[in-house]
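Coordinate analysis (summary)
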Amino acid sequence: MSNPEVWNAYLAKFNAEPKDASQLQAYAKAQDNLPNLSFKDANECYKSNKGKGAASGGAEKKEPEAGGGGLFAELNKGGDITKGLKKVTRDMTNKDKTVSGKVGGAPKKKAAAPKKAAAPKKVKPPAIRKQGFRIWVENFVEGVEEIKDAGIKNEVYICNCKGTGFKISEKVKTVIIDSCQKVQVQVSAVLTSIDMINTKGSTLYVEKQAPSINVDKCASPRLVLFQEYLNTKPQIVTSMTSDMNISVPDPKSSDGDFKDAPVPYQFITTVDPDTKALTTVPMSHMG
């Protein structure tokens, strides 16, 4: 092909003249059906045809015929229709491209950091220790312990114990049972009071003396009261406590058996329509 045909092919392709000789030369090199131009030839062709439209002496590329005639002519080529197509390599396609336009596989998700195992709860050792006049009894989980070296000035504070029995043989000032589960506490005599707080499923044995017993925020407590203690006419105060039972000697038994009596924790309140006075009575339980 002559240089005018390169010029005309460029016009037919882009419908515009090249900006300079280098652009025309690059276009010729990229086309398999056009001759390669040296820069000198491309420059002469550019200068001689610039601003003149299609060059004379070159065949201008024709548009396909209307009515589909050109299409049928292309189809009649059969297998030869693909001869002029360029081979497309993988990197020229959109396959494997991410949304960002970069070639490569989908970004790998960061592996979730393994969860740290919860640190085992620190278990404090069981101990009986004195702090002033208070005797601390803490963290026992089994066995039977006797609280020794306790006297009338001492307060015995039993806390955070589970499944253990305690015996207080000497008379002490007061006994407090706090935050325990399924413990059994046997008390001989107390100068002021016995308090059971935040405790579950535990049993208190009182033998001789305790002016009052206070049970607060407990679940299923049991008080076993001996006859000598009942003779002192003790006072028992309960609050926010459920399923409580009091065991007392059975007067009908000759073998010293005890019988259980439930302590009400459900009440019925009525309002007098005339005086507007409130009357509250416990729900009846069968003893």
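Higher on the page you've got the structure.
Residues numbered from 1 in each chain as written. Predicted model: local features only at pLDDT ≥ 70, side-chain atom pairs only at ≥ 80, totals over all residues. Heavy atoms only, no water.

1. Re the overall build of the protein chain
Spelled out, the test is: Numbering of helices and strands runs from the N terminus, with a helix taken as a DSSP run of H or I at least four residues long and a strand as a DSSP run of E at least two residues long. Any residue under 20% of the maximum accessible area for its type is buried, any over 50% is exposed, and the rest in between are partly exposed; the area is computed with a 1.4 Å probe on protein chains only. We get accessible surface area from the Shrake-Rupley algorithm with a probe of 1.4 Å; when it comes to residues, only the shown protein chains can shield them.
Helix and strand counts for the protein chain come out as five helices and 16 strands. Counting across all 287 residues of the protein chain, residues that qualify as buried make up 27%. If you sum the accessible surface of the protein chain, you get close to 20000 Å²; carbon and sulfur atoms cover 53% of it.

2. Considerations on unusual backbone geometry
In this structure, N139 takes a positive phi of about 65 degrees despite not being glycine. If you trace the backbone, N139 turns up in the loop between β2 (134–138) and β3 (144–146). For N139, a relative accessible area of 16% puts it in the buried group. The phi dihedral of S220 is positive, around 55 degrees, even though this residue is not glycine. Along the chain, S220 falls in the loop between β10 (212–216) and β11 (222–225).

3. Re the sheet that holds β10
The condition that has to hold: At least two bridges found by DSSP between two strands is the condition for calling them paired. Working convention: axes come from line fits to C-alpha atoms, limited for helices to the stretch in contact. Angles between N-to-C directions cover 0 to 180 degrees.
Strand order in the open sheet formed by seven strands is β1-β2-β4-β6-β8-β10-β12, with mixed pairing between adjacent strands. The open sheet has two edge strands, β1 (127–131) and β12 (235–239), and neither has a second partner. Averaged over all neighbouring strand pairs, the angle between strand axes comes to 10 degrees, with direction disregarded. Where β2 and strand β4 (residues 155–159) come together, five bridges link them in parallel fashion. Bridging from a neighbouring strand, R134 pairs with E155 of β4.

4. Thoughts on helix α1 (residues 3–14)
Cut-off, in case you're wondering: Working rule for helices: expected span equals 1.5 Å times residues minus one.
Relative to the 16 Å expected for 12 residues at 1.5 Å per residue, α1 spans 17 Å between its end C-alpha atoms, a close match to the ideal helical length. Considered for burial, the residues of α1 that qualify are E5, V6, W7, N8, A9, Y10 and L11. N15, located one to two residues past α1, shows a positive phi value of around 55 degrees.

5. Brief notes about the pattern of salt bridges
Which entries qualify depends on this criterion: For this document, the term salt bridge refers to a Lys or Arg side-chain nitrogen within 4 Å of an Asp or Glu carboxyl oxygen.
Tallied over the entire structure, the rule returns three salt bridges. Here R129 and E138 are joined by a salt bridge, their closest N and O atoms 2.9 Å apart. On the basis of relative accessible area, R129 is assigned to the partly exposed category, the value being 37%. Note that R134 is salt-bridged to E155, the shortest N-O span being 2.4 Å. With R134 in strand β2 and E155 in strand β4, this pair connects stretches of sequence that are 21 residues apart. Assessed through its relative accessible area of 26%, R134 is described here as partly exposed. According to the relative accessible area criterion, E155 is buried, its value standing at 19%.

6. A look at the packing of aromatic side chains
Where we set the bar: Each pair of aromatic rings taken from Phe, Tyr and Trp, with Trp reduced to its six-membered ring, is defined by centres within 6.5 Å and is described as stacked if the planes are under 30 degrees apart, edge-to-face if over 60, and tilted in the remaining cases.
Enumeration over the complete set of coordinates arrives at seven aromatic pairs. Pairing F14 with Y27 gives two aromatic rings, centres 5.6 Å apart and planes at 70 degrees, and the pair type is edge-to-face. Of this pair, F14 sits in helix α1 while Y27 sits in helix α2 (residues 21–30), placing them 13 residues apart in sequence. Y27 gets classed as buried once you look at its relative accessible area, which sits at 10%. Ring geometry for F226 versus F258: centroids 5.7 Å apart, planes at 80 degrees, classification edge-to-face.

7. Some details on the nonpolar core
This is how it is decided: Definition of nonpolar core: a set of buried residues of the types Ala, Val, Leu, Ile, Met, Phe, Trp, Tyr and Cys, connected through side-chain atoms within 4.5 Å. When checking whether two residues touch, look at their non-hydrogen atoms; a contact exists if any pair is within 4.5 Å.
The biggest cluster of nonpolar side chains holds 32 residues, and the ones touching the most others in it are F166, V175, I194, L204 and I213. Setting aside its immediate chain neighbours within four residues, L204 contacts I177, V185, V187, I194, M196, I213, R222, L223 and V224. Among the nonpolar cores identified, the runner-up in size contains 15 residues, and V6, W7, A28 and L34 belong to it.

8. Points about the sheet that holds β11
Spatial strand order, β3-β5-β7-β9-β11-β13-β14: seven strands in an open sheet with mixed pairing. Whereas interior strands pair on both sides, the edge strands pair on one side only; in this sheet they are β3 and β14 (258–263). Averaged over all pairs of adjacent strands, the angle between their axes in this sheet comes to 15 degrees, without regard to strand direction. Of the pairings in the sheet, the one linking strand β7 (residues 184–189) to strand β9 (residues 203–209) comprises five bridges and is parallel in character.

9. A word on the environment of T192
Where we set the bar: In protein, a polar contact means a hydrogen-donor-capable atom and an acceptor-capable atom, both N or O and within 3.5 Å, with residues adjacent in sequence counting only if both atoms are side-chain atoms; elsewhere, any N or O pair within 3.5 Å suffices.
As for its position among the elements, T192 is in the loop between β7 and β8 (193–197). In the structure, T192 is positioned 19 residues away from P211 in sequence and 5.9 Å away in space, judged by C-alpha atoms. Setting aside residues no more than four positions away along its own chain, T192 makes contact with K173, T174, P211 and S212. A polar side-chain atom of T192 sits 2.7 Å from the main-chain carbonyl oxygen of K173.

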